[in-house]
Every structure is written in C-alpha cells, then in structure tokens.
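Okay, here's what each chain looks like letter by letter:
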Amino acid sequence: MGGLRDVVRQELVARQLDEQIAGRFPVGKRLRVLDVGMGQGTQALRLARAGHQVTGVERDATMISAARARLAGEPEGIRERVRLVQSDGRDTGVHFLPGSFDVVLCHGVLMYVDEPDPLLAGLARMLAPGGLLSLLVRNGDALALRPGLAGDWETALAAFDTSAYLPHSRTDSNGGTPTRLGLDVRADRLSDLTATLAGIGAPLHTWYGVRVCTDTAADGAEIPEDLETLLAVEERAGKTDPYRGVAALLHLCGVRG
Ligand SMILES: C[S@@+](CC[C@H](N)C(=O)[O-])C[C@H]1O[C@@H](n2cnc3c(N)ncnc32)[C@H](O)[C@@H]1O
C-alpha cells in the first residue's frame, strides 16, 4: 500500500463499500463488478479475493500493466475471476451490454474528466436494476479547508471560488519542500452530483466522507502504530454530520431504479 493518505482512502472506501454491498445483496452472492479507472486495482483485487467476478477498465497502458503484474501474483482461482480491459471509461457501451453489472465503481476518476455527466450516464446504464454505483470524488464543497489548515491563505482564498482543486504546498517528511504543486484537476459538489444521479436513473442512496482528519498528512507520513484507532475515527467521521461534509473526498452510492 502507499502512504498514509492512500491507506486511509482505500481502507475507508473498502469498509463503506462492504457496508453497502451487505445491505443490498444476499450474503455469498457472486456479484458482477465493473471498476472503471481501476488504476493498480486495489479495490478490484480485494473484491475478486472476496469471490466476486470483476472487470477492470483502465485507459492507461502503464496502469493496466501494473494491475496485470499485481494479478499475476494471485492464485489461479482469483486470477480467473478478473478481466482487464484497456479502454476509456466513457466507452463502456462499446464493450458491455446494458444492465450487465451489479456494482459499478468509479473511484478517483471524475476529477480528470472535463464533462462527467456522459461518463456517469454510461456507467448507470451498465447497472442491472437495484445495482450499486459507487463514486469517489474530490469534495468541491470543502476546497478551502486543507490549504487553510496548512496556513496557505492565498490558495485557501482562491479555493472558495473555483471547482478546480488547487493543491496547497505540502511539505515532505523533512519539511520545507512543496511536493504536489501544479496538479490541475476538478472537484465535484454533492448537490450537483445528487442532481446528476437522479437524472441518470441511479439516485443517491448514501454518501460518506473519506479522509476527514488525515488529508493534511505529509506525503511521506509513516503509518502510525495506532492505525486501527485512526481508521475508527475516520470511519465515524465519514458517516457523521457535520464532519463528513468537509472530507477531502466524497464517496457517493447511487442505486439503479
Ligand atoms: C487516481 S487513479 C484511481 C485508481 C483507482 N480507481 C483507485 O481508486 O485506487 C485514477 C485512474 O483513472 C484512470 N482514468 C482517468 N480517466 C479515465 C478515463 N476516462 N477512462 C478510464 N480510465 C481513466 C487513470 O489512468 C488512473 O489510473
């Protein structure tokens, strides 16, 4: 796993997703999962290990290779439950029939897509009735918080009036060196996505915050010994108002009508 921020992100999303799956599908049902923009495939692999049939879509050849390499280390029974497709997530209709998945994941992708609505409509079409759409997006309602907490006032002030994510000058573990400047990605607001999900036939069912307390951790932050307690705090905050509303990321779960 990556640094502390990535560990918190993957762990929280896993717990929230498992909660939604447990509340929606019969125990032990082998689900058909589509993971769009799967990256290295952390969630895809986890769900395949749990017994589900997973299709990963990724447009980047390097990421597909990384996912393939990771899969190669798995036992055959798990490998044969995973299919990897190199494609743009907007082209799911070219590869799959409508209604052919129980769960569709799209995590950390919307921020790179200029016009998310057509992508989201395509993903909703992939879902069978009652299927779950799980979206992880950068929270456009709380962009000023993290630069503000870090004392980066200029970035914080600009963040109130933009939907672009302006990463503040994070420092590495030795202090001093900005490490994530210049990344130009979008953020999404809960109200906008709620309206979009209603419009594409997969209305919002539940939403969570992800990384309420640990988003300001330095890039090189070590995993603390009391990680389980940290995760328990993040898990509670991620489902409790008002904390979840200022999380760095939002995890939205829509259900296909
Ligand atoms: C931040 S990573 C997230 C990876 C993984 N979903 C996760 O949550 O750990 C975003 C991934 O989405 C992929 N991606 C971005 N836009 C895409 C698109 N339009 N179609 C398919 N993949 C895309 C990128 O190549 C990258 O691997």
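How each quantity is defined
- Residues numbered from 1 in each chain as written.
- Predicted model: local features only at pLDDT ≥ 70, side-chain atom pairs only at ≥ 80, totals over all residues.
- Heavy atoms only, no water.
- 1 Å grid on protein atoms, 1.4 Å probe; cavity = no way out; pocket = protein on both sides within 12 Å on 5 of 7 lines; lining within 4 Å.
- Points joined across faces, edges and corners; volume = space filled by probe spheres on them.
- Helix = DSSP H or I, 4+ residues; strand = E, 2+ residues; numbered from the N terminus.
- Nonpolar A, V, L, I, M, F, W, Y, C, P; charged D, E, K, R; others polar.
- Near = heavy atom within 4 Å.
- Polar contact = N/O pair within 3.5 Å; in protein donor to acceptor, adjacent residues only side chain to side chain.
- Areas by Shrake-Rupley, 256 points an atom, 1.4 Å probe, with all protein chains shown as cover.
- Core = buried A, V, L, I, M, F, W, Y, C linked by side-chain atoms within 4.5 Å.
- Buried < 20%, exposed > 50% of the residue type's maximum accessible area, 1.4 Å probe, protein only.
- Axes fitted to C-alpha atoms, helices over the stretch in contact; angles between N-to-C directions.
- Parallel < 35°, antiparallel > 145°, perpendicular 65-115°, else oblique.
- Left-handed = near helix turned anticlockwise from the far one by under 90°.
- Contact = heavy atoms within 4.5 Å.
- Phe/Tyr/Trp six-rings, centres within 6.5 Å; stacked < 30°, edge-to-face > 60°.
- Lys NZ or Arg CZ within 6 Å of the ring centre and 35° of its normal.

Caption draft 1: Broad picture of the layout of surface pockets. Within this model, the second largest pocket holds a volume of roughly 170 Å³. As for the second largest pocket, its lining consists of 14 residues, and the residues nearest its centre are Ile21, Gly28, Lys29, Leu31 and His52. Going through the elements one at a time, helix 1 (4-24) and helix 2 (42-49) are the ones with two or more residues in the lining of the second largest pocket. If one sorts the elements of the lining of the second largest pocket by residue count, helix 1 sits on top with 3 residues. Looking at the lining of the second largest pocket residue by residue, the classes come out as 8 nonpolar, 3 polar and 3 charged.

Caption draft 2: Looking closely at the site of the ligand. Neighbouring the ligand are 17 residues; Gln10, Gly37, Glu58, Gly89 and His107 lie closest to it. Measuring from a nitrogen atom of the ligand, one finds a backbone N or O atom of Gly89 at 2.7 Å. Within the complex, 85% of the 600 Å² of free accessible area of the ligand lies under protein. Taken together, the residues that form the shell around the ligand break down as 4 nonpolar, 7 polar and 6 charged.

Caption draft 3: Here's a closer look at the nonpolar core. Leu34, Val104, Leu133, Leu135 and Leu252 are the most contacted members of the largest nonpolar core, which totals 29 residues. Per element, the largest residue contribution to this core is 6 residues, and it comes from helix 6 (residues 116-126). Core analysis: the second largest hydrophobic core is formed by 23 residues, Leu31, Leu45, Ala48 and Cys253 among them.

Caption draft 4: Quick peek at the packing of helix 1 against helix 2. With their axes 11 Å apart at the nearest point, helix 1 and helix 2 run at an angle of 45° to one another. One way to sum up the angle between helix 1 and helix 2 is to call them oblique. Relative to helix 2, the crossing made by helix 1 is right-handed. Residues Gln10, Val13, Ala14, Leu17, Asp18 and Ile21 of helix 1 form the contact with helix 2, whose participating residues are Thr42, Gln43, Arg46 and Leu47.

Caption draft 5: Representation of the packing of aromatic side chains within the structure. The final tally for this structure, using the stated rule, is 1 aromatic pair. Both rings, one in Phe96 and one in Phe101, keep their centres 5.3 Å apart while their planes meet at 85°; by these two values the pair is edge-to-face. Residue classification places Phe96 among the buried positions, given a relative accessible area of 8%. On the accessibility criterion, Phe101 (6% relative accessible area) is buried. Of note, Arg244 hangs over the ring of Trp207, and the distance from its end group to the ring centre comes to 3.7 Å.

Caption draft 6: Summary view of the side chain of His251. One can find His251 in strand 9 (residues 249-255). The buried category is assigned to His251, whose relative accessible area is 0%. Here Ser134 takes part through its side chain, which lies 2.8 Å from a polar atom of the side chain of His251. Sequence-distant contacts of His251, that is, excluding residues within four places in its chain, are made with Val13, Gln16, Leu17, His107, Ser134, Leu135, Leu136, Thr206, Trp207, Tyr208 and Val210.

Caption draft 7: View of the side chain of Gln20. Its place among the elements puts Gln20 in helix 1. Beyond its immediate sequence surroundings of up to four residues, Gln20 is in contact with Leu132, His205, Thr206, Tyr208 and Cys253.

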